[in-house]
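Fold and contact review
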Amino acid sequence: MASKREGLAARRKSLGHSQESFAEKLGIATSTVGRWESGSSAPQPHLRPRIARLLQVTATELDLLMTPQPVTPESPAVPESEDDDMDRRAFLSLLTITGTFVALPQIGTPPEPGDRTPPPAETAGALNPHLWQVFALSESKQAVYPLVRRQLGLLARGLEELRSEEARQRVCVLAADLYQLAGEIFFDRNRYTEAAQCYSLAASAAKEAGEHDLWACALTRHAFIGVYEHRFAAMAPMLSAASRVAQRGDSRLSTRYWVAAVQAEVYAALGNLDACNRALDVAERVGCLDGQSQNGGWLRFDGSRLAEQRGTCYLALGRPDLAEHSLTAALAQELSPRRRGAVLAELAALGAQRGDLDQLLHYSGAALELAGQTGSGFLGKKLRGLQPRLAPLMADGRVAELHHHISALAGAA
């Protein structure tokens with residue numbers, strides 16, 4: 001069975017190293033780096049300290065980056081078949097175990113005087129930022145699942161060794177971070193029950209740590225599930241709570257503006273144009289922030305998605321004139337395959353709304369291609385949302401064929 005090391009390649013790329021420059025710094029052949037990243041060989045022990053320094057990671061973190069991940073269609077990263085149901089249950093058990101320990105008061109014995117060695121639960125979280133980088137860089141988001149599962153296992157094994165309340169709070173932050181990443185992976189696969197459990201645990205852990213921005217982000221991600229299930233009225237109170245929590249957070253961060261952007265989508269779905277525009281105006285203020293307003297991990301909102309979010313809102317409000325301007329502007333930006341596919345699907349929906357078959361077929365075809373490449377359940381759901389708009393146009397054979405392709409994509413997923 002073939003395997004590859006997504007974490008190693010993604011970390012190298014994130015630091016600006018090509019395979020050639022990385023090999024040159026290590027004094028080895030470029031093909032050797034390729035074999036490491038493909039999973040066909042591993043670095044010799046004497047090279048590992050130099051590799052760790054180049055990648056700016058610890059030896060333990062390097063071991064995680066070197067963990068091979070299966071890439072055959074028969075072994076998907078997120079369990080999909082009944083044969084993998086035991087693995088899924090094991091992962092959910094890890095969530096329950098770590099969530100229980102996080103909710104407990106201080107456990108374990110105090111450290112000996114002068115003992116500054118951090119317990120495993122604290123060192124396990126050092127790789128979390130790198131996992132978010134791998135998640136962002138991977139076309140197939142479920143490729144990160146094995147690394148997240150291993151991280152959660154390390155966290156669970158070390159939680160019993162926490163020796164102070166301060167250590168417990170630090171681990172609560174790490175756990176809330178990791179839970180949100182796990183939730184994002186499940187959300188991308190349309191596994192909303194598992195995603196909701198991850199986000200709920202993330203909110204609880206962040207609350208325990210007194211980290212309001214982390215807490216508000218977990219609530220907002222939980223609300224996303226209801227948004228994509230079209231339970232807009234039910235999500236409005238949760239987003240209102242997230243907004244109040246974010247107001248108690250760090251004003252230098254973009255959290256409150258991200259919450260406003262999501263609230264705008266809910267207001268649009270409920271047909272409230274004025275409230276939608278007010279929320280979007282609040283979200284636009286993220287551009288006034290100085291310095292590092294987001295961390296690239298659990299908080300990634302920098303305003304760059306506002307054009308596509310405006311387009312989505314105006315499409316829901318039945319304002320195709322405003323929607324097309326925003327979506328076209330979004331498409332002109334440099335987008336990830338997942339985001340580009342979502343914008344293409346919205347432009348296809350706009351074409352269906354207008355009865356413009358050329359626009360519908362052009363953009364939906366491009367979105368289907370990206371959905372097939374990435375295996376993203378998120379994109380698949382976006383395209384399935386297009387199907388009801390196709391009903392009045394089904395007399396055209398091309399539209400009927402498009403409907404069939406979308407259904408086939410859903411069946412494959």
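From a predicted model like this one, the values you see are computed outputs, not experimental measurements.

This brings us to the confidence of the model for the protein chain. Per-chain confidence: the protein chain averages 82 in pLDDT, with 82% of residues scoring 70 or above. The spread of mean pLDDT over the elements of the protein chain runs between strand S2 (residues 69-70), the lowest at 48, and helix H14 (residues 255-269), the highest at 96.

Running from N to C, helix H8 (residues 128-137) and helix H10 (residues 165-188) cross one another at 15 degrees; their axes reach a closest spacing of 10 Å. Between H8 and H10, the angle falls in the class roughly parallel. Judged by the sense of rotation from one axis to the other, the crossing of H8 with H10 is left-handed. From H8, Asn128, Leu131, Trp132 and Phe135 reach across to H10, where they touch Leu174, Asp177, Leu178, Gln180, Leu181, Glu184 and Ile185. By residue class, the composition of the contact of H8 with H10 is 7 nonpolar, 2 polar and 2 charged.

With 12 residues, helix H17 (residues 320-331) extends 16 Å from end C-alpha to end C-alpha; this agrees with the ideal 16 Å at 1.5 Å per step. What H17 keeps buried is the set Ala323, Ser326, Leu327, Ala330 and Leu331. All buried residues of H17 fall inside an arc of 135 degrees around its axis, so they share one side. Turning to H17, the residues buried within the fold contact helix H16 (306-316), helix H18 (337-354) and helix H19 (357-374).

Further remarks concern the packing of H18 against helix H20 (residues 377-384). Between H18 and H20, the shortest axis-to-axis distance is 9 Å and the interhelical angle comes to 0 degrees. With respect to each other, H18 and H20 are oriented roughly parallel. Residues Pro337, Arg338, Gly341, Ala342, Ala345 and Glu346 of H18 form the contact with H20, whose own contacting residues are Phe378, Leu379, Lys382 and Leu383. Tallied by class, the residues present in the contact of H18 with H20 amount to 6 nonpolar, 1 polar and 3 charged.

With phi around 60 degrees, Asn190 is a residue other than glycine that occupies positive phi space. Along the chain, Asn190 falls in the loop between H10 and helix H11 (192-209). For His230, which is not glycine, the phi torsion reads 65 degrees and is therefore positive. Among the structural elements, His230 can be located in the loop between helix H12 (212-228) and helix H13 (232-247). For His230, a relative accessible area of 59% corresponds to the exposed category.

Each value, and the rule that gives it
- Residues numbered from 1 in each chain as written.
- Predicted model: local features only at pLDDT ≥ 70, side-chain atom pairs only at ≥ 80, totals over all residues.
- Heavy atoms only, no water.
- pLDDT = per-residue confidence, 0-100.
- Helix = DSSP H or I, 4+ residues; strand = E, 2+ residues; numbered from the N terminus.
- Axes fitted to C-alpha atoms, helices over the stretch in contact; angles between N-to-C directions.
- Parallel < 35°, antiparallel > 145°, perpendicular 65-115°, else oblique.
- Left-handed = near helix turned anticlockwise from the far one by under 90°.
- Contact = heavy atoms within 4.5 Å.
- Nonpolar A, V, L, I, M, F, W, Y, C, P; charged D, E, K, R; others polar.
- Expected span 1.5 Å × (residues − 1).
- Buried < 20%, exposed > 50% of the residue type's maximum accessible area, 1.4 Å probe, protein only.
- Arc of directions from axis to C-beta.

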